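Chain and residue survey
So the chains spell out like this:
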Amino acid sequence: MSTYQETIRRAVAELPPGSRLRAGEAGAIARAYGLTVPQVRKDAERLAKRRNSGSAF
C-alpha cells in the first residue's frame with residue numbers, strides 16, 4: 001500500500017500544468033486516508049506549485 005505522499009505525488013504528476021484534482025479523485029484519496037477533501041486539494045495544489053516552479057521533481 002502506498003503512502004499518502006506518494007499518492008498525492010502520483011496524482012499531481014498526471015495533471016497538466018495549471019489544473020486541479022477533480023472532485024472524484026480528491027474524494028477518493030480523502031476517504032482512503034481519512035482526511036477531508038479540502039486538505040487533499042490543499043496538499044495537491046501546494047505540490048503542483050512546487051512542480052510548476054521546478055523545485056519538486
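Every value quoted in this text rests on a predicted model; they were computed, and no experiment measured them.

The rules we used
- As a convention, each chain's residues are numbered from 1 in the sequence order in which they are written.
- Totals for whole chains, interfaces and linings use all residues, but because this is a predicted model, local features are given only for residues with pLDDT of at least 70 and pairs of side-chain atoms are given and counted only at 80 or more.
- The side-chain values count all of the structure's non-hydrogen atoms but skip hydrogen atoms and water molecules.
- Note on ring pairs: Phe, Tyr and Trp rings are taken, using the six-membered ring of Trp, and paired if centres are within 6.5 Å. Classes follow the plane angle, with under 30 degrees stacked, over 60 edge-to-face and the rest tilted.
- A run of H or I in DSSP counts as a helix once it spans at least four residues, and a run of E counts as a strand once it spans at least two, with each numbered from the N terminus.
- Each residue gets one of three labels from its accessible area relative to the maximum for its type: buried under 20%, exposed over 50%, partly exposed in between, using a 1.4 Å probe on protein chains only.
- Definition of a polar contact: a pair of N or O atoms within 3.5 Å, with one able to donate and the other able to accept a hydrogen when the atoms are protein atoms, and with sequence-neighbouring residues admitted only if both atoms are side-chain atoms.
- Every residue pair with non-hydrogen atoms within 4.5 Å of one another is taken to be in contact.
- By nonpolar core we mean a set of buried residues, namely Ala, Val, Leu, Ile, Met, Phe, Trp, Tyr and Cys, connected to one another through side-chain atoms within 4.5 Å.
- In what follows, salt bridge is the name for a side-chain nitrogen of Lys or Arg lying within 4 Å of a carboxyl oxygen of Asp or Glu.

A few words now on the packing of aromatic side chains. The full count for this structure, using the stated rule, is one aromatic pair. Seen in terms of ring centroids, Tyr4 and Tyr33 are 5.6 Å apart; in terms of plane orientation they differ by 65°. Their pairing is edge-to-face. One end of the pair, Tyr4, is in helix 1 (residues 4-13); the other, Tyr33, is in helix 2 (residues 23-33), and 29 residues separate them in sequence. Taking the relative accessible area as the measure of exposure, Tyr4 reaches 14% and is therefore buried. The exposure class of Tyr33 is partly exposed, given its relative accessible area of 25%.

What follows is about the side chain of Arg41. If you trace the backbone, Arg41 turns up in helix 3 (residues 37-53). In terms of polar contacts, Arg41 uses its side chain to reach the backbone carbonyl oxygen of Leu21, at 2.7 Å. Residues contacting Arg41, with those up to four places away along its chain left out, are Arg20, Leu21, Arg22, Ala23 and Ala26.

Before going further, it helps to spend a moment on the nonpolar core. With 13 residues, the main nonpolar core has Tyr4, Ile8, Val12, Leu21, Ile29, Val40 and Ala44 as its most contacted residues. Secondary structure elements with two or more residues in this core: helix 1, helix 2 and helix 3. Beyond its immediate chain neighbours, meaning those up to four positions away, Tyr4 contacts Ile29, Tyr33, Leu35, Gln39, Val40 and Asp43.

A word on the pattern of salt bridges. Two side chains of opposite charge can pair, provided their charged atoms sit close to one another. Tallied over the entire structure, the rule returns three salt bridges. Of the charged contacts, one joins Arg20 and Glu45 as a salt bridge, the two residues approaching to 3.0 Å between their closest N and O atoms. Taken together, the positions of Arg20 in the loop between helix 1 and helix 2 and Glu45 in helix 3 put the pair 25 residues apart, joining distant regions of the chain. A salt bridge links Arg46 to Asp43; the nearest nitrogen and oxygen atoms lie 3.2 Å apart. Of this pair, Arg46 and Asp43 both sit in helix 3, three residues apart, which is roughly one turn of the helix. Judged by its relative accessible area of 43%, Arg46 falls in the partly exposed class.

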